[in-house]
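Structural description and commentary
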Amino acid sequence: MSDTREQFRPDDHDNDHFLLTTVVGSYPKPEWHDRARELFEAEDTGFDEDDWEESKDDASRVITHEHERAGIDVVTDGEMRRNEMVEYFAHRIDGYEFNGRVKVWGHNYFDKPSVVEPVEYDQQWLVEEFKFTDEVADVPVKVPITGPYTLASWSFNEAYDSEAELAYDLADLVNEEIEALVEAGARYIQIDEPALATTPDDHAIVGEALEHIVEDVPDDVRLGLHVCYGDYSRIYPEILEFPVEEFDLELANGDFEQIDVFKEHEFTKDFALGVVDVHDTEVESVAEIKENIKKGLEVVPPERLTVSPDCGVKLLPREVAYEKMANLTTAAREVEAELDAGEIDVPAGE
């Protein structure tokens, strides 16, 4: 797989070293945008489809610029148009239907969809979202997309003999969507597979699904895989065989206790390291984040290290999310300067 990283280096980047900074995807929605959704979904409010589209456009514009203001190299729109990572896609895939909400934990409910007939690609999922964000942004845009294994695992399967068969058919649909995104200009796509963290023994299914996904994707497109917190020792080093360039992993949440897992075998891909905890409202200092970044240099050299939050930050207060992003980028730039000056040892480069 070719090196796609350098295309995301800003033209005015001050340091010789470049630690790519990005976000995983979701971001807190402005309160007025949540209120707009409530008005749109309620009856007899006079808040129509055009009003709702305007709210989504405005929220996407605001959050894209907020990421840029924090200094992030590759941004998203914070998923302002998406309500949930499975439900959003299921509404756009033929073969799914919804039959009501199910309780998942505590007092939380999830509108879990059912696959009632073979899935088909009926309409584009994210192309218009990408085009809008790409036009708004002054920096490159990443497209997060829920992976086929999670789309299958977090749905009721009433049409396929096995979950694996469903995942492979969904992977073919994801491939179609990526082809459309690439045609629209997307060059950085992240496959989200949070379900793998809870069922690590199925890593072979995820790997096979990814083979379907990457078919005929051009070499200049950067493909990453995000896996939420779990026992990474049960999927590593096997995941190194997956046909992606970058792995985005959640490590700050576990106080980096699992960092040694990735030293037992050479980490041969790019490492997107979570350096701020998205479950903690305390904002990590720049100095603390710098120490977290240096932990990544124990696994890969700087030219293969990406710096990001652990996961989507949508559950944090918005001002906290912004401060974490701003401190993250400041820390990355300071580490780059110290690498340029030869002030930091790089164990992974020895």
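The following refers to the structure shown. (Residues numbered from 1 in each chain as written. Predicted model: local features only at pLDDT ≥ 70, side-chain atom pairs only at ≥ 80, totals over all residues. Heavy atoms only, no water.)

With that settled, consider the packing of helix 1 (residues 31-41) against helix 2 (residues 49-70). Across the interface, helix 1 lies against helix 2 with an axial gap of 10 Å and an inter-helix angle of 165°. Taken together, the axis directions place helix 1 and helix 2 in an arrangement best described as roughly antiparallel. Helix-helix and strand crossings are classified by hand; for helix 1 and helix 2 the assignment is left-handed. Of the residues in helix 2, those in contact with W32, H33, A36, R37 and F40 of helix 1 are E49, W52, S55, K56, D58, A59 and V62. (Axes fitted to C-alpha atoms, helices over the stretch in contact; angles between N-to-C directions. Helix = DSSP H or I, 4+ residues; strand = E, 2+ residues; numbered from the N terminus. Parallel < 35°, antiparallel > 145°, perpendicular 65-115°, else oblique. Left-handed = near helix turned anticlockwise from the far one by under 90°. Contact = heavy atoms within 4.5 Å.)

Another point: the sheet that holds strand 5 (residues 113-121). Across the sheet, which stays open at both edges, the 3 strands sit in the order 2-5-7 with mixed pairing between neighbours. Pairing within the sheet leaves two strands with one partner each, and these edge strands are strand 2 (93-98) and strand 7 (156-157). Pairing analysis gives 5 bridges linking strand 2 to strand 5, with the strands arranged antiparallel. From the neighbouring strand, Y96 faces strand 5, where its bridge partner is V115. Each of strand 2, strand 5 and strand 7 touches helix 6 (residues 163-184); the most contacted strand, strand 5, lies at about 50° to it. (Pairing = 2+ DSSP bridges.)

Now for the sheet that holds strand 1 (residues 20-21). With parallel pairing, the 7 strands of this open sheet are ordered in space as 1-12-11-10-9-8-6. With one partner strand each, in any of the chains shown, strand 1 and strand 6 (143-146) form the two edges of the open sheet. Relative to strand 11 (residues 270-274), strand 10 (residues 246-249) runs parallel, the two sharing 4 bridges. Across the sheet, F247 pairs through a bridge with F271, a residue of strand 11. Packing against the sheet, helix 6 makes contact with strand 6, strand 8 (188-192) and strand 9 (222-227), and its axis sits at approximately 160° to strand 8.

What follows covers the nonpolar core. In terms of nonpolar packing, the biggest core is built from 101 residues, with I189, F262, F271 and I293 touching the most fellow members. Sort the elements by how many residues they give to this core and helix 6 lands first, with 11 residues. The residues touching F271, leaving out its near neighbours within four places in the chain, are F247, L249, L251, I259, F262, G296, V299, V300, R304, L305 and T306. Counting 5 residues, the second-largest nonpolar core is a separate cluster that includes F8, F18, L20 and Y188. (Core = buried A, V, L, I, M, F, W, Y, C linked by side-chain atoms within 4.5 Å. Buried < 20%, exposed > 50% of the residue type's maximum accessible area, 1.4 Å probe, protein only.)

Time to look at helix 6. Compared with the 32 Å implied by 1.5 Å per residue over 22 residues, the 31 Å span of helix 6 between its first and last C-alpha is a close match. Among the residues trailing helix 6, G185 stands out with phi positive, at a value near 115°. (Expected span 1.5 Å × (residues − 1).)

All right, on to the pairing of strand 9 then. Two faces, one strand: in a regular strand the side chains alternate between the faces of the sheet. The element strand 9 is largely enclosed, with a buried count of 6 among its 6 residues. Because side chains alternate across strand 9, one face comprises the buried residues R222, G224 and H226, and the other comprises L223, L225 and V227, equally buried. Relative to strand 9, strand 8 runs parallel, the two sharing 5 bridges. Looking at the pairing, Q190 lines up with G224 of strand 9. Pairing of strand 9 with strand 10, which is carried by 4 bridges, proceeds in the parallel orientation. Paired with G224 across the strands is E246, a residue of strand 10.

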